[in-house]
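# Chain and residue survey
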Amino acid sequence: MQVSGVKTLPILVLVLVMTGSLVVDQGKAYACGSTFFSALVQLIPCRAAVAPFSPIPPSDACCSAVKALGQPCLCVLVNGPPISGVDRNMALQLPDKCTANFEPCEITK
């Protein structure tokens, strides 16, 4: 049985989207360059700024991490599984607080 590349492409895209390595947003594909976990690790400097009820503004290291991660991948994290100790609304405010000029994330949950 021969499997054509055309038939396997949707499966490959699905696997990449599920692992967070590829984000499809409005018909465009963006490579996150990381999995959900590694993107989460990249945002560790933001932990204090996204803790529930936190009055702490994002640090320079946090803002650098947000800008490096990019809007599509940040949205994947925000819409992904719950993250202990992270307020999703606070995470959604990071681009504005860091002047990252990202489009707002569309909440899927």
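For every chain, the first residue of its written sequence is number 1, and the numbers climb from 1 along that sequence. pLDDT decides what is reported in this predicted model: residues at 70 or higher carry local features, side-chain atom pairs at 80 or more are listed and counted, and totals for whole chains, interfaces and linings draw on all residues regardless. As a convention, hydrogens and water are excluded, and side-chain values are obtained from all of the structure's heavy atoms.

The chain is annotated in an unreviewed UniProt entry as Lipid binding protein, putative of Ricinus communis.

### Some details on the overall build of the chain
Under the convention used in this document: Note on conventions: DSSP H or I runs of at least 4 residues are helices, E runs of at least 2 residues are strands, and numbering of each starts at the N terminus. Relative accessibility decides the category of a residue: with a 1.4 Å probe and only protein chains considered, values under 20% of the type maximum give buried, values over 50% give exposed, and everything between is partly exposed. Reported accessibility uses the Shrake-Rupley method at a 1.4 Å probe radius. Residues are deemed covered only where the shown protein chains occlude them.
Helix and strand content of the chain: 6 helices and 2 strands. Order of helices (α) and strands (β) in the chain, N terminus to C terminus: α-β-β-α-α-α-α-α. Burial status across the chain gives 31% buried among its 109 residues. By element, 64% of the accessible surface of the chain is carried by carbon and sulfur atoms, the whole surface being about 7,200 Å².

### A word on the state of the cysteines
Here, disulfide denotes a covalent bond that connects the sulfur atoms of two cysteines. What counts here: Disulfides are defined as pairs of cysteine sulfur atoms found within 2.5 Å of each other.
Tallying each qualifying case throughout the model produces 3 disulfides. For Cys46, the disulfide goes to Cys62, at an S-S distance of 2.0 Å. Across the S-S bond of Cys46 and Cys62 the torsion is about 105 degrees, and the bridge reads as right-handed. Taken together, the residues Cys46 in the loop between α2 (36-42) and α3 (47-50) and Cys62 in helix α4 (residues 60-69) connect sequence positions 16 residues apart. A residue is classified by how much of its surface remains accessible, and Cys46, at 2% relative accessible area, is buried.

### Looking at a nonpolar patch on the surface
Heads up, the condition is: Each patch is assembled from residues with relative accessible area greater than 30% and no salt bridge, linking like charges that lie within 9 Å and nonpolar side chains (Val, Leu, Ile, Met, Phe, Trp, Tyr) that lie within 5 Å. Salt bridge, as applied in this entry: a Lys or Arg side-chain nitrogen positioned within 4 Å of an Asp or Glu carboxyl oxygen.
Together, Phe37, Val41 and Ile44 make up an exposed nonpolar region whose accessible area comes to about 310 Å². With respect to the helices and strands, the residue Ile44 is situated in the loop between α2 and α3.

### Points about the environment of Lys97
Tracing the sequence through the fold places Lys97 in helix α6 (residues 88-97). On the accessibility criterion, Lys97 (40% relative accessible area) is partly exposed. C-alpha of Lys97 to C-alpha of Pro58: the two residues are 39 residues apart in sequence and 7.1 Å apart in space.

### Here's the deal with the confidence of the model for the chain
Basically, it comes down to this: A residue's pLDDT is simply how confident the predictor is in it, with values from 0 to 100. For this analysis, residues touch if any pair of their heavy atoms sits within 4.5 Å.
When pLDDT is averaged along the chain, the result is 74; 68% of the residues meet or exceed 70. Ignoring residues within four places in sequence, the model shows residues 1-30, a span with pLDDT below 50, making 32 contacts including any to other chains.

### Observations regarding the environment of Thr35
Its place among the elements puts Thr35 in the loop between β2 (28-31) and α2. Along the sequence, Thr35 and Val76 sit 41 residues apart, while their C-alpha atoms lie 10.0 Å from each other.

### Digging into the nonpolar core
For the record, the criterion: Throughout, nonpolar core names a set of buried Ala, Val, Leu, Ile, Met, Phe, Trp, Tyr and Cys residues whose side chains join them through atoms within 4.5 Å.
Within the largest apolar cluster, 16 residues are counted, with the highest numbers of intra-cluster contacts made by Leu43, Cys46, Val66, Leu69, Leu74 and Leu94. Of all the secondary structure elements, the ones that give two or more residues to this core are α3, α4, α5 (71-79) and α6. Sequence-distant contacts of Cys46, that is, excluding residues within four places in its chain, are made with Cys62, Val66 and Leu94.

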